[in-house]
Amino acid sequence: DVKVTQSSRYLVKRTGEKVFLECVQDMDHENMFWYRQDPGLGLRLIYFSYDVKMKEKGDIPEGYSVSREKKERFSLILESASTNQTSMYLCASSSTLAKNIQYFGAGTRLSVL
Amino acid sequence: AQSVTQLGSHVSVSEGALVLLRCNYSSSVPPYLFWYVQYPNQGLQLLLKYTTGATLVKGINGFEAEFKKSETSFHLTKPSAHMSDAAEYFCAVIRMDSSYKLIFGSGTRLLVRP
């Protein structure tokens, strides 16, 4: 089974802090995604990576950056956390062969105080 | 622009009753359509998908969905709800500009009453 692991289930940070959310997948998938999930808004794509060191902005990249130094790991970075970034963050991965099917981690619930 | 609309943010059914979760999409090209389920405190899991071919698609846990082009719909059904079906359900469509990316609906939370 594909496993996508997000390092933290819950995080509490203060306004202005730099925050790192980590995601690791064990299926050698080329593609990785970071989403933000808010009630009534569904999932919105923050960033997408289709290869190591390659990244592409999604729909809501402002205030976020990403890093993909190794194929299995995709990090989401909040350069200076703000209260409006309080949300659930979901990581996903997919293979190029079965690119339509995304596999999700359990999510990280981030609270910015 | 492509979009996905899920009618009803909350749907409540009795155990054993029919489940019907509605999804309408807009796309100027033949769509690839998906239903994902999110159980409490978990990530999303693929229930079923439609790409081409048979318009009635069967998924896991007894769910199925029918692609109706004339109605631009992809509603999710299950004949008999079980308590374990309580979850949030998301409809999604592949983006035209990149087949790697999905556009998700806002989600429907299914409540199952004993």
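Located above this text is the structure these notes cover.
Please read all numbers here as calculations on a predicted model, not as lab measurements.

1. A closer look at the sheet that holds strand β7 (residues 64-68) of chain B
Residues and elements named next belong to chain B.
- The antiparallel open sheet is built from five strands, whose spatial order is β1-β3-β8-β7-β6. At either margin of the open sheet sits one strand with a lone partner, and together these are β1 (3-7) and β6 (56-58). Across this sheet, the average inter-strand angle for adjacent strands is 20°, counted without regard to direction.
- Here strand β3 (residues 19-26) pairs with strand β8 (residues 73-78) via four bridges, running antiparallel. Looking at the pairing, Asn24 lines up with Ser73 of β8.

2. So, the layout of surface pockets
- As a volume, the largest pocket reaches approximately 410 Å³.
- As for the largest pocket, its lining consists of 20 residues, of which Gln37 and Arg109 of chain A together with Gln38, Glu88 and Arg109 of chain B are closest to the centre.
- Those elements giving two or more residues to the lining of the largest pocket turn out to be β4 (31-38) and β9 (87-94) of chain A together with β9 (87-94) of chain B.
- Residues belonging to the lining of the largest pocket are distributed by class as follows: five nonpolar, 11 polar and four charged.
- Taken as a whole, the second largest pocket encloses approximately 250 Å³ of empty space.
- Lining of the second largest pocket is provided by 14 residues; of these, Tyr103 and Phe104 of chain A together with Gly43, Leu44 and Gln45 of chain B occupy positions nearest its centre.
- Contributions of two or more residues to the lining of the second largest pocket are made by β10 (103-104) of chain A together with β5 (44-50) of chain B.
- Broken down by element, the residue count for the lining of the second largest pocket peaks at three residues, all from β5 of chain B.
- In terms of residue class, the lining of the second largest pocket is made up of eight nonpolar, five polar and one charged.

3. Here's the deal with the packing of aromatic side chains
- With the rule as written, the count across this model stands at 15 aromatic pairs over all chains.
- Judged by centre distance (5.6 Å) and plane angle (80°), the ring pair of Phe104 of chain A and Tyr36 of chain B falls under edge-to-face. Taken together, the residues Phe104 of chain A in strand β10 and Tyr36 of chain B in strand β4 (residues 33-38) connect one chain to another. With respect to class, Phe104 of chain A is no different from Tyr36 of chain B; both count as buried.
- Joined through ring pairs, the aromatic side chains of Phe33, Tyr35, Phe48, Tyr50 and Phe104 of chain A together with Phe34, Tyr36, Phe90 and Phe104 of chain B make up one cluster.

Conventions adopted
- The residue numbers shown here count from 1 along each chain, following its written sequence.
- To read the labels, note that chains go from A and ligands from 1, taken in the order they are written.
- Note on the predicted model: pLDDT of at least 70 is required for a residue's local features to be given, and 80 or more for side-chain atom pairs to be given and counted; whole-chain, interface and lining totals, by contrast, use all residues.
- In computing side-chain properties, one takes all heavy atoms of the structure into account and sets aside hydrogens as well as water.
- DSSP calls a pair of strands paired once it identifies at least 2 bridges connecting them.
- Helix and strand definitions here come from DSSP, where helices need a minimum of 4 consecutive H or I residues and strands a minimum of 2 consecutive E residues; each element is numbered from the N-terminal end.
- Between N-to-C directions, angles span 0 to 180 degrees; the directions come from axes that are lines fitted to C-alpha atoms, helices contributing only their stretch in contact.
- In this analysis the probe radius is 1.4 Å and the grid spacing 1 Å, with only protein atoms considered; a cavity is a set of points the probe fits into but cannot get out of, a pocket is an open set with protein on both sides within 12 Å along at least five of seven lines, and lining residues have an atom within 4 Å of a point.
- Grid points are joined across faces, edges and corners, and a volume is the space filled by probe spheres set on the points.
- Each residue is assigned to one of three groups, with Ala, Val, Leu, Ile, Met, Phe, Trp, Tyr, Cys and Pro labelled nonpolar, Asp, Glu, Lys and Arg labelled charged, and all others, Gly among them, labelled polar.
- Any two of the Phe, Tyr and Trp rings considered here, Trp counted by its six-membered ring, make a pair once their centres fall within 6.5 Å; the pair's planes then place it as stacked at under 30 degrees, edge-to-face at over 60, or tilted in between.
- Type-normalised accessible area, obtained with a 1.4 Å probe on protein chains alone, sets the label of each residue: buried when under 20%, exposed when over 50%, and partly exposed for intermediate values.

Scope: geometric values only; no functional claims are made or implied.
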